[in-house]
Amino acid sequence: MPSDRKMNSTAACMAFMLEGCEMKKVRSNSRMYNRYFLLDPDLRWLRWEPSKKDSEKAKLEIKSIKEVRLGKKTPVLRSNGLSDQFPDECAFSIIYGDNYESLDLVASTADVVSTWVMGLRYLVSYGRHTVGVVEPSQSSVRTSWIGSVFELADIERQGHIDLFRATQIIKGLNPGMRESRIELKFKELQKAKDCYGEGIDLDTFVEVYCELCTRPEIFFLLVQFSSNKEYLDSKDLMLFVEVEQGVEGVTEEMCREIVHKYEPSAEGRDRGYLSIDGFTHYLLSSECHIFDPQHKRVCQDMTQPLSHYYINSSHNASLLEDHYWGSSDISSYVRALRMGCRSLEVVVWDGPDCEPVVYVGSSVASQLAFSKVLDVINQYAFESSEYPLILCLVTHCSVPQQRVMAQHMKKILGDKLHTEPPSLDEHYLPSPEKLKGKILLKGKRLPPDTQDSEGEVTDEEEGLEMSRRMVSMDEKDQLNGIGYKRLRLCKELSDLVTLCKSVQFRDFESSKREQKYWEICSFNEVDANRFANEFPEDFVCYNKRFLSRVFPTPMRIDASNMNPQDFWKCGCQIVAMNYQTPGLMMDLNLGWFRQNGNCGYVLRPAIMREEVSYFSANARDSLPGVSAQLLHIKVISGQNLPKPRGSAAKGDVVEPYIYVEIHGIPADCAEQRTKTVSQNGDNPIFDESFEFQINLPELAVLRFVVLDDDYIGDEFIGQYTIPFECLQPGYRHVPLQSLTGEFLPNTTLFVHVAITNRRGGGKAHKRGLSVRKGRKAREYTSTKTTGIKVVDELFRASTQPLREATDLRENVQNAMVSFKELCGLTPAANMKQCILTVSSWLLNSERSLRVTVDLSEAYPTMEAQGPVPELLRKVLTAYDTMIQTSRTLIESADSVYCKLTQAQRAGLDFHEDLHRIGAKEGLKGRKLQKAMESYAWNITVLKGQADLLKHAKGEAVDTLRQIQCAAHSCGLAKNGASTSPASPLLPPHPRPHGPLHTIPETEPPDTEPSTPH
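### Here we look at the overall build of the chain
Assigned secondary structure in the chain consists of 29 helices and 35 strands. Counting all 1013 residues of the chain, 59% fall into the buried class. Residue pairs in contact within the chain that sit at least 24 positions apart in sequence constitute 71% of those at least 6 positions apart. When the accessible surface of the chain is split by element, carbon and sulfur atoms take 50% of a total near 42,100 Å².

### Topic: the sheet that holds strand E4 (residues 59-61)
Strand order in the open sheet formed by seven strands is E4-E3-E2-E1-E7-E6-E5, and the pairing between neighbours is antiparallel. The outermost strands of the open sheet, each flanked by one partner alone, are E4 and strand E5 (65-70). Going from strand to strand, the sheet's axes swing by 30° on average, the running direction of each strand aside. Where strand E1 (residues 21-26) lies against strand E7 (residues 101-106), three bridges are found, and the strand directions are antiparallel. Opposite Lys 24, over in E7, you have Val 106 as the bridge partner.

### With respect to the environment of Ala 952
Structurally, Ala 952 is set in helix H29 (residues 925-970). For the pair formed by Ala 952 and Leu 889, sequence separation is 63 residues and the distance between their alpha carbons is 8.1 Å.

### Notes on the pairing of strand E3 (residues 45-49)
Regular strands show a simple pattern: their side chains alternate between the two faces of the sheet. Burial along E3 is one-sided: the residues Leu 46 and Trp 48 are buried and none of Trp 45, Arg 47 and Glu 49 is. Two successive antiparallel strands, strand E2 (residues 32-39) and E3, enclose a turn made up of five residues, where Leu 43 displays a positive phi of approximately 60°. Where E3 and E4 come together, three bridges link them in antiparallel fashion. Among the inter-strand pairings, Arg 47 is bridged to a residue of E4, identified as Lys 59.

### A word on the environment of Tyr 309
By the secondary structure assignment, Tyr 309 is in strand E12 (residues 309-314). Each C-alpha atom of the pair Tyr 309 and Val 602 lies 5.3 Å from the other, and the pair is 293 residues apart in sequence. The residues contacting Tyr 309, other than those within four sequence positions of it, are Asp 301, Met 302, Thr 303, Gln 304, Pro 432, Gln 573, Tyr 601, Val 602, Leu 603 and Arg 604.

### Focus on the sheet that holds strand E34 (residues 861-865)
The mixed open sheet is built from three strands, whose spatial order is E34-E33-E35. Only two strands of the sheet have a single neighbouring strand rather than two, namely E34 and strand E35 (973-974). Note that strand E33 (residues 850-854) and E35 share two bridges and pair parallel. Note on E35: the bridge partner recorded for Val 853 is Ala 973.

### Here's the deal with the packing of aromatic side chains
A full pass over the atoms with the stated rule returns 36 aromatic pairs. Residues Phe 225 and Phe 240 carry aromatic rings whose centres are separated by 5.3 Å and whose planes lie at 85° to one another, so their mutual orientation is edge-to-face. Linking Phe 225 in helix H8 (residues 216-225) with Phe 240 in helix H9 (residues 234-244), this pair joins segments that are 15 residues apart in sequence. Relative to Phe 539, the ring of Phe 531 has its centre 6.0 Å away and its plane inclined at 85°; by these criteria the two rings are edge-to-face. Taken together, the ring pairs connect Phe 505, Phe 508, Phe 523, Phe 531, Phe 535, Phe 539, Tyr 542 and Phe 546 into an aromatic cluster. Directly above the ring of Trp 45 sits Lys 59, whose terminal nitrogen or CZ lies 4.0 Å from the centroid. For the cation-ring pair, Arg 803 lies above Tyr 780, with the distance from its terminal atom to the ring centre recorded as 3.9 Å.

### As for the nonpolar core
Of all hydrophobic cores here, the largest spans 128 residues; its most connected members are Phe 92, Trp 116 and Phe 279. The element that contributes the greatest number of residues to this core is H29, accounting for 18 residues. Ranked by size, the runner-up nonpolar core spans 77 residues in total, among them Val 348, Phe 370, Cys 570 and Val 575.

### Observations regarding H29
In this model H29 runs 65 Å from its N-terminal to its C-terminal C-alpha over 46 residues, within 8% of the 68 Å that 1.5 Å per residue would give. Taken across its 46 residues, H29 has 33 buried, putting it largely inside the fold. A positive backbone phi angle near 75° is found at Gly 971, which sits one or two residues after H29.

### Describing the pattern of salt bridges
For the structure on display, the rule yields 42 salt bridges. Where Glu 61 meets Lys 63, a salt bridge forms, and the shortest distance between an N and an O atom there is 3.7 Å. The partly exposed category is assigned to Glu 61, whose relative accessible area is 27%. Residues participating in the shared-partner salt-bridge network are Glu 248, Lys 832, Asp 958 and Arg 961.

### Structural notes on the packing of helix H5 (residues 163-173) against helix H6 (residues 179-192)
H6 packs onto H5 with a crossing angle of 125° between their chain directions and a minimal axis gap of 9 Å. Relative to H6, the element H5 lies oblique. The handedness of the crossing between H5 and H6 is right-handed. Contact residues: Leu 163, Ala 166, Thr 167, Gln 168, Ile 170 and Lys 171 in H5; Glu 179, Ile 182, Glu 183, Phe 186 and Lys 187 in H6. Tallied by class, residues from the contact of H5 with H6 come to five nonpolar, two polar and four charged.

### Looking at the environment of Gly 437
Relative to the assigned elements, Gly 437 resides in the loop between helix H15 (399-413) and strand E17 (439-443). On a C-alpha basis, the gap between Gly 437 and Phe 382 in space is 6.7 Å, while along the polypeptide they are 55 residues apart. Apart from the residues lying within four places of it in its own chain, the contact partners of Gly 437 are Phe 382, Glu 386 and Lys 416.

### Structural notes on the state of the cysteines
Each disulfide consists of a covalent bond between the sulfur atoms of two cysteine residues. Using the criterion set out here, one finds zero disulfides in the structure. You can see Cys 299 has no disulfide; the closest cysteine sulfur is in Cys 726, sitting 7.0 Å from it. The class of Cys 299 is partly exposed, set by a relative accessible area of 37%.

### Quick notes on the side chain of Thr 674
Mapped onto the elements of the fold, Thr 674 is located in the loop between strand E27 (670-673) and strand E28 (685-694). Here Thr 674 is in contact with Val 635, Tyr 657, Ile 658, Phe 686, Glu 688 and Phe 690, once residues within four sequence places are set aside.

### Brief notes about the side chain of Ser 839
Note on placement: Ser 839 falls in helix H26 (residues 831-843). Overall, the relative accessible area of 15% leaves Ser 839 in the buried class.

### Concerning the confidence of the model for the chain
Taken over all residues, the pLDDT of the chain has a mean of 83, while the share at 70 or more is 85%. Averaged pLDDT values over the elements of the chain bottom out at 39 in helix H17 (residues 473-482) and peak at 97 in strand E24 (residues 601-603). Under a pLDDT of 50 for its full length, residues 1-5 has, in the predicted model, 20 contacts with residues more than four places off or in other chains. Segment residues 128-138: pLDDT under 50, and 12 contacts once partners within four positions in sequence are set aside and those in other chains are kept.

### Quick notes on the pairing of E34
Relative to E34, E33 runs antiparallel, the two being bridged by five bridges. Pairing of Val 851 across the sheet is with Ala 864, part of E34.

### Structural notes on helix H25 (residues 799-822)
Over its 24 residues, H25 extends 35 Å from the first C-alpha to the last, a length consistent with the 34 Å expected when each residue adds 1.5 Å. Looking at the residues trailing H25, positive phi occurs at Gly 824, about 80°.

### Overview of unusual backbone geometry
Although it is not a glycine, Tyr 100 sits at a positive phi angle of roughly 55°. Tracing the sequence through the fold places Tyr 100 in the loop between strand E6 (91-96) and E7. Its relative accessible area of 2% is what places Tyr 100 among the buried residues. Even without being glycine, Gln 679 reaches a positive phi, approximately 50°. Summarising the element assignment, Gln 679 is placed in the loop between E27 and E28. Take Gln 679: its relative accessible area is 57%, and that puts it in the exposed class.

Thresholds, definitions, all that
- Residues numbered from 1 in each chain as written.
- Predicted model: local features only at pLDDT ≥ 70, side-chain atom pairs only at ≥ 80, totals over all residues.
- Heavy atoms only, no water.
- Helix = DSSP H or I, 4+ residues; strand = E, 2+ residues; numbered from the N terminus.
- Buried < 20%, exposed > 50% of the residue type's maximum accessible area, 1.4 Å probe, protein only.
- Contact = heavy atoms within 4.5 Å.
- Areas by Shrake-Rupley, 256 points an atom, 1.4 Å probe, with all protein chains shown as cover.
- Pairing = 2+ DSSP bridges.
- Axes fitted to C-alpha atoms, helices over the stretch in contact; angles between N-to-C directions.
- Phe/Tyr/Trp six-rings, centres within 6.5 Å; stacked < 30°, edge-to-face > 60°.
- Lys NZ or Arg CZ within 6 Å of the ring centre and 35° of its normal.
- Core = buried A, V, L, I, M, F, W, Y, C linked by side-chain atoms within 4.5 Å.
- Expected span 1.5 Å × (residues − 1).
- Salt bridge = Lys/Arg side-chain N within 4 Å of Asp/Glu carboxyl O.
- Parallel < 35°, antiparallel > 145°, perpendicular 65-115°, else oblique.
- Left-handed = near helix turned anticlockwise from the far one by under 90°.
- Nonpolar A, V, L, I, M, F, W, Y, C, P; charged D, E, K, R; others polar.
- Disulfide = S-S within 2.5 Å.
- pLDDT = per-residue confidence, 0-100.

This is the structure:
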């Protein structure tokens, strides 16, 4: 097995392959045989032994290799009998010969696979120029640069530098590396050369640098894309950025800028070469961060009603610790506001000298003056976000001190305080955009006809529960006896409450009839959980129009946090979190609110906002009208993982493993873990792939958690939480955060992300995305019977366009999967990767074979000249099928879309009178409620399927554009000047089409010839 740290050059790979190792050879009958594979000394043949064949036949000529595929990407390795016997990372295939036969192999570890794949790909690309590969005859751009660094350090020109200086130079070039590790490597090498204790000469310095500072997983990636041995030129980099990273509109000039910015050597910058060090710097830069930079600023529609947003909320913001022992501190408000919080709780009590005070907990020793709290809020309210701030007042003050509170708020907050009464003509709250720079008060309000200067209101919210913890047992019994505490409220304070009047929640039916849009209910988390489980659909509908605030149960005296996802899935906008308590729940909250410029507001999913739509918070399957997506995560490696802060284990040894978690609706919640890497926190290699089906992407959150298996006490190393919508595809680095949220310096994970049904990815299936469905196996989304005759007739007429929409989408999807698999790629691959693969086959072909992509028409055709092998003929046929199904989709989508939207609009015409019509037809009670739910389901299905079809058309157009871009990039373009890659690619006159035909479910027979024996 190769050492992770030594596979840092092609020379090291060649040395390992020359020595050879044992692997399993897989035959077409799914049987596996142990064989010893090695590379011939002349680097021209791959041999294996023992074999029943003559030794001269148990070999493969390197120049006959067309492609080296990583993973289970041939029919033999994908066969049912083998797919579960070994992980994807341990398999690879060698495609060779004029007939594109496959030699399928399984290695003991992913490291062995990486070494063979990297070495063979190098030989395939440079097989005719491999003289001196194992022992390079001339210095590379990299070694020249390292030599120049050494010369600058060798001020006295002695030919050597001291150990401390050499260590500091390497540490400076790689800030995350431990000095002890660098020193140890120098001493090991000096000892091996019998020059222990002497100065560090140039050769030793270069060798140590190359061994410590070359990340093998990045070197493997560089060799895969390089056309110039051990560096990338502008064209290589352009292919990588465009094909793998999914960046649109890449130019050579942009790539030259990347080289100039990240390449450390002057020679590399001058010649436009990105060496392994420059490539590593680039991949570690913000340009290759996993978080999409578009989401670092406000990027969502902020003109929707306030009730359509999740609002970042703090509970007991003044506390530093728990509710019982915690002290109040004014800096806690500053911290919460700077973290994007838009809803603060302020608990106010009578204070000395008629000055109200703020505190929480059983001790009054750390009380804060209410006026000082207002000063801080006024100063920092809009520092991090310009959108409205909601102050949740919990008032325990006497009437005189309430008047003082009102005076302070008017004086200190001034024009920021929202005092305009709600409009009776409106039905929804104003938008965050309209309320920019305003502070809203949530609190009790006297009835509008109150003439007196004060009146009586009930305190049924968390204020009462707080009181119950503060008063004696006798008083508590009295409170329980009357049910709700009555308190006096002055009119002056009452009038400051406008859009967030606190009211008591009774039931969903009463709220639907009586509650005003400016009234807000607060729910104890226990009650909110009960509603979420027993009435999930009603809770979602309630939150479409009204704001709801969920606060932690008073039983959480340790200030622990509830899971905000439990209430977000019901549409609850304000889920109050204890900001002073770090952990998983705060990670989810802070990670979630990053997605809209950290402004404190996140737009809820459309299915939870639309007035007529069906959504159940406890859905455990795909949702009507929402396209499920498949997330492919490959955890490749970690960098500079520290020992857990609270660990009592001695030394710096770390044995890391990683949990990859999905948080969202119940159907999406899942977690998977990697293996443990023994005694390596510096650059542990995991190389493990995971897949997650995401049914409601807009509510899903991805979390990486790194833990230490060799721990005493504390095992937590770091975590990172990111909304699904913010993920960038391709090779990305993930910055890790500590338990309290600080970013750990130079501590990252290296991952690969692919998302189906997204730009840069493939197409999503309902279940198991690599499975193609024929018409008989196809699942069609259908409408439900309401029991109201006239309504059911309308929805029944939409059955045919619903089926047509499904067929249009899935025919394209199936054709794309077939094409990708014939190219040796997964369904998550993008079209640029497919074209690049075909291009590489031609590059490595000995035949006079030429394939071109004709771009003169809106729908590019792929044509071959010369003798075409069977596999390539199947690829061309699959490509043609994909183009034809895409054309059918693009040209037919609009008419089907119109039918679906017309049916939806016709259905919505019944919305206002549906209750009356149902009652007229004899429906009542549960049957009438069921009819209303079925009606909402049908409207959701029609709108959702129309949106999916519209989106599928957009993706089909984007696929054609990707083909154009890739054909230009790979040199396969023919007549490419006629259509710009940015053009819509739609034909001027759509042709009529007959009935839709279904792509068959079965795989094409014999997609690749069998394995050699």
